[in-house]
Amino acid sequence: MSGTLTVGPDEQYATIQAAVNAIAPAVDGPVVINVMPGNYNELVTVPEIAGTSAQNTITLQSSTGNRNDVVIYYDHYTEPAYSDDRMAHEYGVVTLDGIDWFTLKNVTVTTTDVTFPSVIHLRNQSRHCSIDGCHVYSALSTSYSNDINLIYQYAGSEANQNNDFMSVTNCLIEGGYYGVRPAGTSYVALPKQRGCIVSGNTFRNQGSKGIYNASRDIDLTITNNLFENTETTAAFQFMDLETGAGLTISGNTFIAAIGKKVEVINLRSNTAGTEENPIRIFNNEISLCASAATSSAININGTTPWLDIAHNTIRVYGQETTGRGVGIFVNHTNTSDHLTIRANLIVEDEEGSAIRFYRDNGVTGATLSDNVLHTAGTSLIKTPAVDYSTES
């Protein structure tokens, strides 16, 4: 099958799932599923479909091009029966279940039931899937027992189960516990997921994390997004990442003004680049209202080999008595491994340090050059043994 299918109360297919079922046996050309304006109270599962390719794509979209015109929602999650692989059977309001070369475009997907593991759920090697121009939202959650992901990938602990080359672009991602969670197999010996792109989105008021990746994915690209949070009542991380080589974070704007500890970009201890494929954080703008002294704009928890932090603009401000957050915190106990911090503008409006090293030996292996630093306090760069003060 190929061509255009139309979904609506008076159209060819009354439900979105009915249109998906019609093409499920196979496609032999591009398919567009146009959904007429309306609210669609249904679970939608897109299975593996034979014949899809870079040429034979499937697009499910609002017929008007306006994401507010088509709302896909479902407000009751039924937990799968207990089994050793129960997570493999979890689902979202929209579930991509082994489909390749699929695009969900210009629709709204939501639920009021925050016990859903996700609003949009990818599993079973759904590759080259795109979520473009959508509004994906749920109520904000700060409870780990209701840790709903707005967009989530699941891969089991077997080789080649990853959902490679997902892209999330031009979406409004609002509320939830996690925003976007690219998640390949986390088992160290297995091939890593690769090629995820998160670009041009607005992340608004997640409860715990905006983007969360702890599976050491390769070539994760996060560019040109707006991240803002003024509502969560819990400690918050805009990005919490443990990636492999090729992580790129560029052109993003971060605005944080909450009364809790904030880490804007948190790199976990096993994050690692290579000389050929380094980790690069550049050309971002960070505005951090630090209501806790442990807040930081960029927090580096491990040696993180081959990390380049360049051309970022960071402002840290907050209450004088508590707002002593850090611009860049090298927060590990080892010597650094090809860490470069260059040509950044870091302004500390309160008494915190622009750059802080948790241990003196963290300075070894680090190269700092051409940065413009300011603090209202006395320490521009701080180690346990030495304060490089505004007067030195």
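Comments concerning the sheet that holds strand 30 (residues 313-317)
And then number 1: As summarised here, the arrangement of the 12 strands in space is 3-6-9-12-15-18-21-24-27-30-33-36, forming an open sheet in which the pairing is parallel. What marks the edges here is a single partner per strand, and that holds for strand 3 (38-41) and strand 36 (372-375). Between one strand axis and the next, the sheet turns by 10° as a mean value, whatever way the strands run.

Things to note about the environment of F329
And then number 1: By secondary structure assignment, the location of F329 is in strand 31 (residues 326-330).
And then number 2: Here F329 falls in the buried class, since its relative accessible area comes to 10%.
And then number 3: Residues F329 and S291, spaced 38 residues apart in sequence, show a C-alpha to C-alpha distance of 16 Å.
And then number 4: Dropping the residues within four chain positions of it, F329 is found in contact with S296, I298, N299, I300, R356 and Y358.

Overview of the side chain of N284
And then number 1: Within the element layout of this structure, N284 appears in the loop between strand 26 (279-282) and strand 27 (285-289).
And then number 2: Its relative accessible area of 1% is what places N284 among the buried residues.
And then number 3: A distance of 3.1 Å separates a polar side-chain atom of N284 from the backbone oxygen of I249.
And then number 4: Separated by 3.0 Å, the side chain of N284 and the backbone nitrogen of N252 make a polar contact.
And then number 5: Apart from residues no more than four positions distant in its own chain, N284 is found in contact with I249, S250, G251, N252, F254, H311, N312 and T313.

A word on the environment of D75
And then number 1: With respect to the helices and strands, the residue D75 is situated in the loop between strand 6 (70-73) and strand 7 (94-97).
And then number 2: Measuring from C-alpha to C-alpha, the distance between D75 and T110 comes to 8.4 Å, with 35 residues separating the pair along the chain.
And then number 3: Each residue touching D75, except ones within four places of it in the same chain, is listed here: T111, T112 and D113.
And then number 4: Only 2.9 Å separates the side chain of D75 from the backbone nitrogen of T112, close enough to count as a polar contact.

Quick look at the packing of aromatic side chains
And then number 1: Overall, the coordinates contain 12 aromatic pairs when judged by the stated rule.
And then number 2: Their ring planes at 50° and their centres at 4.9 Å tell us that Y77 and F116 sit as a pair that is tilted. With Y77 in the loop between strand 6 and strand 7 and F116 in the loop between strand 9 (108-110) and strand 10 (118-123), this pair connects stretches of sequence that are 39 residues apart.
And then number 3: Look at Y77 and you get buried, because its relative accessible area is 7%.
And then number 4: Centre to centre, the rings of F227 and F254 are 4.8 Å apart; their planes meet at 15°, and the pair counts as stacked.

Considering the nonpolar core
And then number 1: The biggest cluster of nonpolar side chains holds 89 residues, and the ones touching the most others in it are I120 and I151.
And then number 2: With residues up to four places along the chain from it excluded, the contact list for I120 reads V94, L104, V109, I131, V136, L150, I151 and Y152.

Topic: the pattern of salt bridges
And then number 1: Taken as a whole, this structure holds 13 salt bridges when the rule is applied.
And then number 2: A salt bridge links D387 to K382, with the nearest nitrogen and oxygen atoms 3.3 Å apart.
And then number 3: Relative accessible area serves as the criterion here: at 39%, D387 is assigned to the partly exposed category.
And then number 4: Several salt bridges share partner residues, and in doing so they unite E174, R204 and E228 into one network.

The rules behind these values
Residues numbered from 1 in each chain as written. Predicted model: local features only at pLDDT ≥ 70, side-chain atom pairs only at ≥ 80, totals over all residues. Heavy atoms only, no water. Pairing = 2+ DSSP bridges. Helix = DSSP H or I, 4+ residues; strand = E, 2+ residues; numbered from the N terminus. Axes fitted to C-alpha atoms, helices over the stretch in contact; angles between N-to-C directions. Buried < 20%, exposed > 50% of the residue type's maximum accessible area, 1.4 Å probe, protein only. Contact = heavy atoms within 4.5 Å. Polar contact = N/O pair within 3.5 Å; in protein donor to acceptor, adjacent residues only side chain to side chain. Phe/Tyr/Trp six-rings, centres within 6.5 Å; stacked < 30°, edge-to-face > 60°. Core = buried A, V, L, I, M, F, W, Y, C linked by side-chain atoms within 4.5 Å. Salt bridge = Lys/Arg side-chain N within 4 Å of Asp/Glu carboxyl O.

Honestly, it's all geometry; don't read function into it.
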